Amino acid sequence: MNRNAKDKPAATKARVATIWLDGCSGCHMSFLDMDERLLALAEQIELVYSPLVDQKEFPPQVDVAIVEGAVATDEDIEKMRLVRSRTKVLIALGDCAVTGNVPSMRNSIPVEDVFDRAYRDNAQLQPQRPATNLPVLLERVRPVHEVVKVDVHIPGCPPPADAIFYIISELLAGRTPDVAAVTRFGK
Amino acid sequence: MTRPSVPKPAGVAQPQVVTLRIDGRDVSARSDETILSVARQNRIDIPTLCYLDGLSGWGACRLCLVDIKGTPKLLPACVTLVREGMEVTTDSPRLQKYRRMVLELLFSERNHVCSVCVSNGKCELQAMAQRLGMTHVSLPYRYPRLEFDSSNDLFRMDHNRCILCTRCVRVCDEIEGAHTWDCRGRGIETRIISDLNEPWGESSTCTRCGKCVNVCPTGALSQKGTAVAEMTKRVTFLPYLTLMRNSDEP
C-alpha cells in the first residue's frame, strides 16, 4: 500500500498502523478479507507500520493505530505505551484486544504451571523452559484498555471484514461509528 | 429458595383495575400485574435476563430496573407491582448507564469467553451486550478458577458461564417439581448446586428432563456432544406447560 503514496501527496492520507500482540492473526486476516475494498481504502490511508509491511520501528505521528491481540508480556506493555504516545486514535480490534479472550484463559492458572504444561510436561526430548531473549509473560493477560486508553473497541473473533471496513470508513470520514450495530463478542 | 412469584396485595380479594403511565403513555392494568408484564403487553420492551415468561419473577439480574417518579431508588420491573397513578420511565441515559454496568459486572465476574462457548451466537447475555451497545468491559476481570460438572451423562454444567439468573432452579422447582438445583453461598461466592452440592450425575432427584438446560440463557448448562456455537436452547415448552396447567385450574 505504501507504493500508492506516490499517487497522492502523503499529507492528505491518514497514517495508519496495525499492531499484533497476543492473538492468532485472525483479525489481520479479517482485515485482508476486505478484499478489493482495500484498494479504495488505500486511496485514503498510508500503512506506516504493520506485520504486513516491512517497517521495524513504530513511527511518530500516526493517525489511527489498530491493535490485534491481548497484552500478555512486559514487551507488549512497553509497545502499547509507545504506540499510544504516537497515535491519535487507538482501535482495539477483536476479542483478544477488547476482552483478553482465549489468551486470557490462562489467567486462572499460575504462569509457572503454564510453562510446565507447554515446555516440560509434553516435551519428549530435552524438556526445558526458554529463558533468554524472550519477553516475560505477565501473571495475567489483559485487554488493551487496561494498559493504555483505547478510543474505539471492535469486538468479534474475528470482527467481520464488513464491520472493519464500515468502522474505519466512518472514522476516516470524521464520524462516530455504531460499533454494536455491526459486530459483537464472539462474532 | 422458593418464594411466591409476586407478593399479592394484602387484603385485596379481587384485583382492581389501575391506570398508570409508562414512558408517557397512559395504560391500564390489573393491580396484581408487574410493571414488566404491563409494559410488554403495551409493546414497551424492557431488557431482562433472569426473567422468563412462565417462571416466577426473581429480580436477580437487575437489567429491568426502571425509574418511578417520586421513588429515589430504581426498581426491578419484573417484581414490582403496578400502582394507581404510577409514572414509570423504562429508558433514559441513567438507566442505560446502570444496565451497561450490570452487564459489565456479569461479564467481569466469571469467564465468559464467547469465541469458544457452546452458546456463541445463541446466548442471551451476548445478545444483550450487543443490544445495549456494550462493546467492552471497563471493570477489571476477575478470572476466577471455576469448576465444570460433566458427571451427568446427558448434560454438563460450566460454572464459568453462569450468571446466577436461577432460571434452572426455578424451572426445576416450579415446572418439573424436582428441585434438584439450588444456590449455595452468598454474593460473588454463590454457586448453583445440584442436591446437597453433589455431582449432578449422582443426583437422586434429577429426572434428566433437560428443562434447566433449555431455559439457561448462556452456555452454563448445555447438552453433551455440542461444540462451539452448537448449543441451541428451546424454551417453547414453557408457555405450553404453563398454559396447560392454568387451564386445569378450576
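Residues numbered from 1 in each chain as written. Chains lettered and ligands numbered in written order. Predicted model: local features only at pLDDT ≥ 70, side-chain atom pairs only at ≥ 80, totals over all residues.

Trainee: Quick question: what am I supposed to make of the overall build of chain B here?
Mentor: Looking only at helices and strands, chain B has six helices and ten strands in total. Based on the C-alpha atoms only, the size of chain B along its principal axes is roughly 50 × 50 × 30 Å. When burial is assessed residue by residue, chain B has 38% of its 250 residues classed as buried. Counting contacts in chain B only where the partners sit at least 6 residues apart, residues at least 24 apart contribute 64% of the total. (Helix = DSSP H or I, 4+ residues; strand = E, 2+ residues; numbered from the N terminus. Buried ≥ 20, exposed ≤ 12 C-beta atoms within 10 Å, placed from the backbone. Contact = placed C-beta atoms within 7 Å.)

Trainee: Is there a simple way to explain the pairing of strand β1 (residues 14–20) of chain A in this structure?
Mentor: Remember that side chains alternate between the two faces of the sheet whenever the strand is regular. Residues and elements named next belong to chain A. With five of its seven residues buried, β1 lies for the most part within the structure. When β1 meets strand β2 (residues 45–49), the two strands line up parallel, connected through four bridges. In the sheet register, Val 16 faces β2, and the bridge partner there is Leu 47. Summarising the sheet, β1 and strand β3 (residues 62–68) pair through five bridges and their orientation is parallel. If you follow Val 16 over to β3, its bridge partner there is Val 64. (Pairing = 2+ DSSP bridges.)

Trainee: How should I be thinking about the nonpolar core in this particular structure?
Mentor: Nonpolar side chains tend to gather and get buried jointly when the protein is soluble and globular. Core analysis: the largest hydrophobic core is formed by 63 residues, its most contacted members being Cys64(B), Cys168(B) and Cys212(B). Elements with a minimum of two residues in this core: α1 (35–41), β3 (65–68), α2 (93–109), α3 (124–131), β7 (155–158), α4 (167–176) and α5 (211–215) of chain B. In this structure, this core is formed jointly by two domains, domain 1 (17–91) and domain 2 (118–243) of chain B, each of which donates at least three residues. Contacts of Cys212(B), omitting those with residues within four sequence positions, involve Cys168(B), Val171(B), Cys172(B), Trp181(B) and Leu221(B). Of all hydrophobic cores here, the second largest spans 38 residues; its members include Cys27(A), Val64(A), Ala72(A) and Val152(A). (Core = buried A, V, L, I, M, F, W, Y, C linked by C-beta atoms within 7 Å. Domains from an automatic or database assignment.)

Trainee: What am I meant to see in the sheet that holds β2(A) here?
Mentor: The pairing of strands in a sheet happens through backbone hydrogen bonds and is either parallel or antiparallel. Residue and element names in this part refer to chain A. Read across the open sheet, the five strands follow the order β2-β1-β3-β5-β7; overall the sheet is parallel. A strand with exactly one partner marks an edge of an open sheet, and here the two such strands are β2 and β7 (152–154). Strand-to-strand twist of the sheet, defined as the mean angle between neighbouring strand axes without regard to direction, takes the value 25°. Its contacts with the sheet place helix α6 (residues 161–172) against β1, β3, β5 (87–93) and β7, and it is angled at close to 165° to β7. (Axes fitted to C-alpha atoms, helices over the stretch in contact; angles between N-to-C directions.)

Trainee: Is there a simple way to explain the sheet that holds strand β6 (residues 148–149) of chain B in this structure?
Mentor: Residue and element names in this part refer to chain B. Pairing is antiparallel across the open sheet formed by three strands, whose spatial order is β6-β7-β10. Strands with a single pairing partner mark the edges of an open sheet, and in this sheet they are β6 and β10 (221–223). Taken together, the three bridges between β7 and β10 define a ladder with antiparallel strand orientation. Bridging across to β10, Arg 156 finds its partner in Ser 222.

Trainee: Even after reading the chapter, I still don't get the interface of chain A and chain B, so can you show me in this structure?
Mentor: How big an interface is tends to be reported as the loss of accessible area on association of its parts. On the chain B side, the residues contacting the 21 residues of chain A number 19 residues. Partitioning the side of chain A that touches chain B into residue classes produces eight nonpolar, nine polar and four charged. (Nonpolar A, V, L, I, M, F, W, Y, C, P; charged D, E, K, R; others polar.)

Trainee: It is not clear to me how the domain arrangement of chain B should be interpreted in this structure. Could you clarify?
Mentor: Residues and elements named next belong to chain B. You can read the domains of chain B as domain 1 (17–91) and domain 2 (118–243). For domain 1 and domain 2, the distance between their C-alpha centroids amounts to 26 Å. Of the residues that constitute the side of domain 1 that touches domain 2, the class distribution is eight nonpolar, two polar and one charged.

Trainee: I keep staring at the environment of Thr236(B) and nothing clicks. Help me out?
Mentor: Along the polypeptide, Thr236(B) turns up in the loop between β10 and α6 (237–248). Taking C-alpha positions, Thr236(B) is 30 Å from Val88(B), a pair spaced 148 residues apart along the chain.

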